[in-house]
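Working through the structure, step by step
Spelled out from the first residue to the last, the chains are:
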2 protein chains.
Amino acid sequence: MFSRTVEYALRAIVQLAYMAPQGATTGQISVATKVPEPYLRKVLQALRRAELVTSQRGASGGVRLNRDAEELTILDVVNAVDPIERIDRCPLDLKSHGVRLCPLHARMDRALQGIEQAFRETTLAEILAEPTLSTPLCETPDEHVSCTRDVTSP
Amino acid sequence: MFSRTVEYALRAIVQLAYMAPQGATTGQISVATKVPEPYLRKVLQALRRAELVTSQRGASGGVRLNRDAEELTILDVVNAVDPIERIDRCPLDLKSHGVRLCPLHARMDRALQGIEQAFRETTLAEILAEPTLSTPLCETPDEHVSCTRDVTSP
DNA sequence: TCCAAAGTGGACATTGACATCCTATTTCCC
DNA sequence: GGGAAATAGGATGTCAATGTCCACTTTGGA
């Protein structure tokens with residue numbers, strides 16, 4: 001349902017927010033999110049073009065969030081890499097269905113609208129703050145398993 | 001977001017329900033739904049294997065619905081050709097996220113759940129009965145444009 | 001009985017998403 | 001200035017979804 005690219009982009013952004021604001025290298029994000037590094041690079045490029053992240057070349061470079069976690073929604077990320085395509089006109093090109101969709105496509109679009117809305121209402125900050133046993137994308141801290149935070153610490 | 005196959009399957013089923021219960025040939029459905037006939041055949045085979053439709057070979061054969069429109073939901077059709085894959089375990093295979101998903105994937109799964117529920121609650125009968133200007137998949141009758149019903153009439 | 005209509009199923013082509021690799025280019029630090 | 005670290009971006013490979021085609025089977029009717 002969601003493309004691999006969307007899944008990867010969300011993982012990367014969440015991971016980045018989690019270790020914000022210092023940023024991280026592509027390699028570090030790749031390890032933490034289990035996304036193949038070459039692919040992750042392309043995903044991050046798309047996020048950079050959408051200006052959700054900034055990047056710094058060269059030694060001690062890396063990627064970092066370009067916005068506060070409160071201002072970044074899931075929808076922003078999804079739209080940056082693989083926009084949700086709402087059904088805004090009849091896929092059959094029936095002339096009489098100009099603006100009004102037929103009942104079938106109206107229902108389908110309503111489902112898409114639901115996703116869009118849910119994603120628009122969810123900020124990164126909410127995801128990070130969610131009270132749960134599972135830290136986003138990481139092993140639970142109480143097990144003292146290596147998580148991405150550790151990568152940057154000596 | 002929705003695969004082509006899902007779109008085609010839904011068109012076919014709605015069209016079939018609309019001209020039920022006599023049924024129709026693949027060619028007729030193809031014309032009415034603007035789905036390429038060779039592809040439509042494969043989609044209909046999947047629907048037949050899922051026992052949503054029955055088919056009759058030979059002259060004066062064709063395809064027809066195997067259930068009442070009241071008993072057939074959008075979800076049935078979607079699941080027959082391209083099932084919605086809920087996220088029921090951590091995509092990163094983190095052991096500590098066994099049953100509980102991390103906040104990110106929990107949100108994503110909730111979005112999928114929303115679609116699933118919307119589709120489960122929508123029957124074909126509701127789509128056909130919906131009070132709207134646009135007949136499902138067809139030009140509006142008030143324009144007297146050819147629709148699928150006409151195909152079977154002399 | 002034979003033909004035409006219609007679905008069945010497998011083989012084949014095309015396309016786009018997914019994934020990887022290699023060569024720049026930039027930057028820091030010695 | 002030179003080398004190591006890191007991103008940028010184009011070229012290429014792989015595979016599943018999409019789309020097409022053909023030979024076969026079934027069936028009703030002339």
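Residues numbered from 1 in each chain as written. Chains lettered and ligands numbered in written order. Predicted model: local features only at pLDDT ≥ 70, side-chain atom pairs only at ≥ 80, totals over all residues. Heavy atoms only, no water.

Quick word on the protein's contact with DNA strand C
- What surrounds DNA strand C is a group of 25 residues, the closest being Arg 4 and Pro 36 of chain A together with Arg 48, Ser 55 and Arg 57 of chain B.
- Near the protein, meaning within 4 Å, the atoms of DNA strand C are sugar or phosphate in a fraction of 71%, with bases accounting for the rest.
- Contact between DNA strand C and Arg 57 of chain A: a sugar or linking oxygen at 3.1 Å from a side-chain N or O atom of the residue.
- A distance of 2.7 Å separates a phosphate oxygen of DNA strand C from a polar side-chain atom of Ser 55 of chain B.
- When residues of the surface near DNA strand C are traced back to their parent elements, those giving at least two are helix 1 (4-18) and helix 3 (37-49) of chain A together with helix 3 (37-49) and strand 1 (53-56) of chain B.
- Among the elements that line the surface near DNA strand C, the one with the most residues is helix 3 of chain A, at 4 residues. (Near = heavy atom within 4 Å. Polar contact = N/O pair within 3.5 Å; in protein donor to acceptor, adjacent residues only side chain to side chain. Helix = DSSP H or I, 4+ residues; strand = E, 2+ residues; numbered from the N terminus.)

Section: the packing of helix 1 of chain A against helix 5 (residues 103-120) of chain B
- Contact pair helix 1 of chain A / helix 5 of chain B: the axes reach a minimum separation of 11 Å and the direction vectors enclose 145°. Between helix 1 of chain A and helix 5 of chain B lies a crossing whose hand is right-handed. Contacts from Glu 7, Leu 10, Arg 11 and Val 14 of chain A of helix 1 of chain A reach helix 5 of chain B at Leu 104, His 105 and Met 108 of chain B.
- For the contact of helix 1 of chain A with helix 5 of chain B, the residue count by class is 4 nonpolar, 1 polar and 2 charged. (Axes fitted to C-alpha atoms, helices over the stretch in contact; angles between N-to-C directions. Left-handed = near helix turned anticlockwise from the far one by under 90°. Contact = heavy atoms within 4.5 Å. Nonpolar A, V, L, I, M, F, W, Y, C, P; charged D, E, K, R; others polar.)

What about the pattern of salt bridges?
Residue and element names in this part refer to chain B.
- Throughout the structure, instances matching the rule amount to 14 salt bridges over all chains.
- Glu 7 is paired through a salt bridge with Arg 11; the nearest N and O atoms lie 2.7 Å apart. Separated by 4 residues within a single helix, Glu 7 and Arg 11 lie in helix 1 (residues 4-18), roughly one turn from each other. As far as burial versus exposure is concerned, Glu 7 and Arg 11 are alike and both buried. (Salt bridge = Lys/Arg side-chain N within 4 Å of Asp/Glu carboxyl O. Buried < 20%, exposed > 50% of the residue type's maximum accessible area, 1.4 Å probe, protein only.)

Thoughts on the protein's contact with DNA strand D
- Inspection of the region around DNA strand D gives 26 residues, with Thr 26, Arg 48, Ser 55 and Arg 57 of chain A together with Thr 5 of chain B positioned closest.
- Of all atoms in DNA strand D that approach within 4 Å of the protein, 71% are sugar or phosphate atoms.
- A distance of 2.6 Å separates a phosphate oxygen of DNA strand D from a polar side-chain atom of Ser 55 of chain A.
- Taking Arg 41 of chain B, its side chain carries an N or O atom lying 3.3 Å from a base nitrogen of DNA strand D.
- For the surface near DNA strand D, the secondary structure elements donating two or more residues are helix 3 and strand 1 (53-56) of chain A together with helix 1 and helix 3 of chain B.
- Tallied by class, the residues present in the surface near DNA strand D amount to 6 nonpolar, 12 polar and 8 charged.

Some words on the pairing of strand 1 of chain A
Residue and element names in this part refer to chain A.
- Bridge count for strand 1 against strand 2 (residues 62-65) is 4 bridges, and the pairing is antiparallel. Note on strand 2: the bridge partner recorded for Val 53 is Leu 65.
- Adjacent in sequence and paired antiparallel, strand 1 and strand 2 are bridged by 5 residues, among which Gly 58 carries a positive phi angle near 80°. (Pairing = 2+ DSSP bridges.)

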